[in-house]
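Survey of secondary and tertiary structure
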Amino acid sequence: MELLRLLVLAVLALEQGVAGPTETVGNSSEGLLEFSLGKFRYFKLNKPFPEEAVLRDISSNATFLIFQIHSQYQNTTVSFSKTLLPSTSGTGTDKGLVFILRPEQSMCTWYLEAVDAEPVQSMAVPLSYSERDPVPGGCNLEFDLDIDPNIYLEYNFFEISIKFAPANLGYARGTDPPPCDVGMSQDSRWRLRYDVYQYFLPENDLTEQVLLKHLQRMVEVPQVKARAIKVVTLTANDKTSIYFSSLPVQGVIYNVIVWDPLLNTSAAYVPVHTYACSFKAMEGDCSSLGRVSTKVFFTVFALLGLFICFFGHRFWKTGFIFMGFFFYILITRLTPIKYDVRLILTAIAGSVGGIFLVATWWRFGILMLCMLCVGLVLGFLISSVIFFTLLGNVKVFRDDVVFWITFSCIAIIIPLVFMGCLRILNILTCGIIGSYSVVLAVDSYLYTSLSYITLNVLKRALNTDFHRAFTNVPFQTTDFIILAVWGMLAVSGITLQIRRERGQPFFPPHPYKLWKRERERRVTNILDPSYHIPPLRERLYGRLAQIKEFFQEEQSAGERTPLLL
């Protein structure tokens, strides 16, 4: 048996020498990973111990392979050789290489290595394609690899951008690839189409196991089409870059399917994922949304909102202050300053706006103006909800002029429609906006897509490039529950206020006129006990004198007994 084993090893070694440096002797020793086509394998990579990946028994029908490796946030390197070169290796959390097979070749080798000192839990899979399938990244002119099937992702607070290299037509083993930029006929790569897909991970789940499990659904073409959302289709004339709204803490996977309409064949690029946050950052990492200051701030904000939801019309001035809070709060959240300072400025700005609105009502009593401000807040939210739907991704609204004109018209129409029944307008605003504050509070404890109803609009107002971003968000079980709570609170608050205010005056009288009338009555009516009350200035001086006497030492009274005559 030992002699037979040595004979087999010698034959395989001879085949390696004839076939080239990409084949190796198959064994199960340490440092060697055996792979099968289309089957995922989990393993851990350590920096001092690189692994060698081997794929055997490749079908003669396959003309090229895509080997890809994935990890959650630690970088790994995949290479054609042990010597790492930019043109033959790739480093990242989602990387892959295209291997063009030679005639009669049936075995391939890749080299895997961890970049960080810590062990990296990884998942890898090799996939094969035939000569009729397009080659992802086959016409790469921008990135380092000759054939680059990878998707390059970048993100910031506002948006996520993905870029990829154009594909080429498929070709048989041992033949030259079709030229990339010779002519634009239907016999060239210009006939190819690119379908961009988006897949949302379960909300509020940052575990490694869940990510790697769901990445398996975004690797092969049939599963991508069945499980992911197709966002857009690009032609060969379009730029191979797409932008999406950034969703911090929410895991998202992107992939591109290149399709040959003439042969009706397709191939998948290497999927890429992001949480739009850093797992390694000391400040502002993926757990920063759970800060104590955030929870306290938005919990207080939600309590105020609940009070307005059920009692906003009765407590008139408090409702005005809340409207100012809501109008300023999200804008201040987006300023690039320190987080805790941002919360303080949010409270100050909201208070100032609310007090200004109260002061305007108290002094001038202009009901229409105050109700217009209140109605615009409701119109802002309703317009934001409309563009939160699929309507927000319609191509015509990518033009900022068209978007803002439409958005403003919807926001203005709401208060104009209710100008004949201002009490109903105020009660509706208190119920809907007050209950929405609960949604914002929940978002500080766990992720919910409903907070992006208003956040997407404010992002677009503050970032001039946000118009190009697709604003898709996940809508999962948590969102349905929070939406139901929002609806029940709004309906309950509106119903309670309408029933309680039935038979009551629509609005309280003008405060300044009441104060002025009362002052004149006190001046002219000497029988009114308040007539004899000293002016405010004298009362303040008297109070200060009493306080001053309290802190003075008591003077000696001298002889206390009466003198005898």
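Below is a summary of the structure that appears in this document. Note that the structure is predicted; figures quoted are calculated from it, not measured.

Some thoughts on the overall build of the chain
Looking only at helices and strands, the chain has 13 helices and 17 strands in total. Put simply, the chain has 565 residues, and 47% of those count as buried. For the chain, restricting intrachain contacts to residue pairs at least 6 apart in sequence, the fraction spanning at least 24 positions comes to 76%. Total accessible area computed for the chain in this model is approximately 29400 Å², and 62% of it derives from carbon and sulfur atoms.

What to know about the environment of Thr360
Within the secondary structure, Thr360 is located in helix α6 (residues 339-364). When the C-alpha positions of Thr360 and Cys370 are compared, they lie 8.0 Å apart, and in sequence the two are ten residues distant. Setting aside its immediate chain neighbours within four residues, Thr360 contacts Gly365 and Leu369.

Section: empty space enclosed by the protein
All told, the structure shown has four cavities of 30 Å³ or more when counted by the stated rule. Space inside the largest cavity adds up to approximately 180 Å³. The wall of the largest cavity is formed by 16 residues, among which Phe387, Phe403, Asn456, Arg460 and Thr471 lie closest to the centre. Those elements that place two or more of their residues in the lining of the largest cavity are α7 (367-388) and α10 (452-462). Tallying contributions element by element places α10 first for the lining of the largest cavity, with four residues. Within the lining of the largest cavity, the residues separate by chemical class into eight nonpolar, six polar and two charged.

With respect to the sheet that holds strand β4 (residues 64-70)
A sheet is described by the order of its strands in space; here four strands give the open sequence β2-β9-β4-β7, paired in antiparallel fashion. Looking at the sheet topology across the chains shown, the edges are occupied by β2 (41-45) and β7 (94-100). Here the average twist between neighbouring strands, direction ignored, is 25°. Sheet analysis places β4 next to β7, joined by seven bridges and oriented antiparallel. Its bridge partner lying in β7, Ile66 is registered against Val98. Here helix α2 (residues 208-215) sits on the sheet in contact with β2, β4, β7 and β9 (120-129), set at roughly 0° to β9.

Things to note about the pattern of salt bridges
Oppositely charged side chains may form a pair once their charged atoms are brought near each other. Per the stated rule, a full pass over the model turns up five salt bridges. In this structure, Glu159 engages Arg468 in a salt bridge whose closest nitrogen and oxygen atoms are separated by 2.8 Å. Residue Glu159 is found in strand β11 (residues 159-164), and its partner Arg468 is found in the loop between α10 and α11 (477-500); the two are separated by 309 residues along the sequence. Of the residues examined, Glu159 reaches a relative accessible area of 8% and is grouped as buried. Residue classification places Arg468 among the partly exposed positions, given a relative accessible area of 29%.

Quick word on the pairing of strand β15 (residues 252-260)
The element β15 is extensively covered by neighbouring structure, given that eight of its nine residues are classed as buried. Direction of pairing for strand β12 (residues 193-200) relative to β15: antiparallel, over a ladder of eight bridges. Across the sheet, residue Arg193 finds its bridge partner in β15, namely Trp259. Pairing between β15 and strand β17 (residues 272-274): three bridges, direction antiparallel. Paired with Ile253 across the two strands is His273, which belongs to β17. With four bridges joining them, β15 and strand β16 (residues 265-268) adopt antiparallel strand pairing. Bridging from a neighbouring strand, Trp259 pairs with Ser266 of β16. Counting the residues that bridge the hairpin from β15 to β16 gives four residues, and of these Asn264 lies at a positive phi of roughly 55°.

Quick notes on the environment of Ile432
Following the sequence through the fold, Ile432 ends up in helix α9 (residues 422-443). Through-space distance from the C-alpha of Ile432 to that of Gly493 is 8.3 Å; in sequence the pair is 61 residues apart. Once residues within four sequence positions are removed from consideration, Ile432 is found in contact with Leu378, Leu381, Trp486, Ala490 and Ile494.

Some remarks on the packing of α9 against α11
As a packed pair, α9 and α11 sit with axes 8 Å apart at the nearest point and diverge in direction by 150°. The angle between α9 and α11 falls in the class roughly antiparallel. Note on packing geometry: the crossing formed by α9 with α11 is right-handed. Between α9 and α11, the residues in contact are Ile424, Ile427, Leu428, Cys430, Gly431, Ile432, Ser435, Tyr436, Val438, Val439 and Val442 and Ile482, Trp486, Leu489, Ala490, Ile494, Gln497 and Ile498, respectively. Among the residues forming the contact of α9 with α11, the class breakdown is 15 nonpolar, three polar and no charged.

Thoughts on unusual backbone geometry
Residues apart from glycine generally show negative phi values, whereas peptide bonds are mostly found in trans. You will see that Glu104, though not glycine, has its phi angle at about 70°, which is positive. Relative to the assigned elements, Glu104 resides in the loop between β7 and β8 (108-114). Glu104 sits in the exposed class, given a relative accessible area of 75%. Here Val249, not a glycine, exhibits a phi torsion of approximately 80°, which is positive. One can find Val249 in the loop between β14 (241-245) and β15.

Concerning the sheet that holds strand β1 (residues 32-35)
Strand order in the open sheet formed by five strands is β1-β3-β8-β5-β6, with mixed pairing between adjacent strands. With partners counted over all chains shown, the strands left at the sheet margins are β1 and β6 (89-92), one partner each. Geometrically, the sheet is characterised by an average inter-axis angle of 20° between neighbouring strands, direction not taken into account. When strand β5 (residues 76-79) meets β8, the two strands line up antiparallel, connected through four bridges. Bridge pairing in β8 places Thr77 opposite Glu113.

Focus on the state of the cysteines
For the structure on display, the rule yields two disulfides. A disulfide bridge connects Cys139 with Cys180, and the sulfur atoms are separated by 2.0 Å. Here the disulfide of Cys139 and Cys180 is left-handed, its torsion about the S-S bond being about -90°. Pair noted here: Cys139 is in the loop between β9 and β10 (151-155) and Cys180 is in the loop between β11 and β12, with a separation of 41 residues, a long-range link.

Here is what the cut-offs are and how they apply
For every chain, the first residue of its written sequence is number 1, and the numbers climb from 1 along that sequence. Local features in this predicted model are restricted to residues whose pLDDT is 70 or higher, and side-chain atom pairs enter the listing and the counts only when it is 80 or higher, whereas totals over whole chains, interfaces and linings include all residues. Hydrogens are left out, water is left out, and the side-chain values use all remaining heavy atoms of the structure. In this description a helix means any DSSP run of H or I spanning at least four residues, a strand means any run of E spanning at least two, and both kinds are numbered starting from the N terminus. Accessibility here uses a 1.4 Å probe with only protein chains present; expressed as a share of the type maximum, an area under 20% marks a residue as buried, one over 50% as exposed, and anything in between as partly exposed. Contact definition: two residues touch when any of their heavy atoms are within 4.5 Å. What sets the accessible areas is the Shrake-Rupley method with a 1.4 Å probe; for residues, cover comes only from the shown protein chains. Site definitions follow a grid-based scheme: protein atoms alone, a 1 Å grid, a 1.4 Å probe that fits but cannot get out for cavities, and for pockets an open set with protein on both sides within 12 Å along at least five of seven lines, plus lining residues having an atom within 4 Å of a point. Grid points are joined across faces, edges and corners, and a volume is the space filled by probe spheres set on the points. Under the scheme applied, nonpolar residues are Ala, Val, Leu, Ile, Met, Phe, Trp, Tyr, Cys and Pro; charged residues are Asp, Glu, Lys and Arg; polar residues are all the others, including Gly. Pairing between strands is defined by DSSP: at least two bridges between the two strands are required. Axes here refer to lines fitted to C-alpha atoms; in helices the fit is confined to the stretch in contact. Angles between the N-to-C directions go from 0 to 180 degrees. For this analysis, a salt bridge means a side-chain nitrogen from Lys or Arg found within 4 Å of a carboxyl oxygen belonging to Asp or Glu. In this scheme, roughly parallel covers angles under 35 degrees and roughly antiparallel covers those over 145, while 65 to 115 is roughly perpendicular and the rest are oblique. Take the far helix as your reference; a near helix turned counterclockwise from it by less than a right angle gives a left-handed crossing, and one turned clockwise gives a right-handed crossing. Disulfide: a pair of cysteine sulfur atoms within 2.5 Å of each other.

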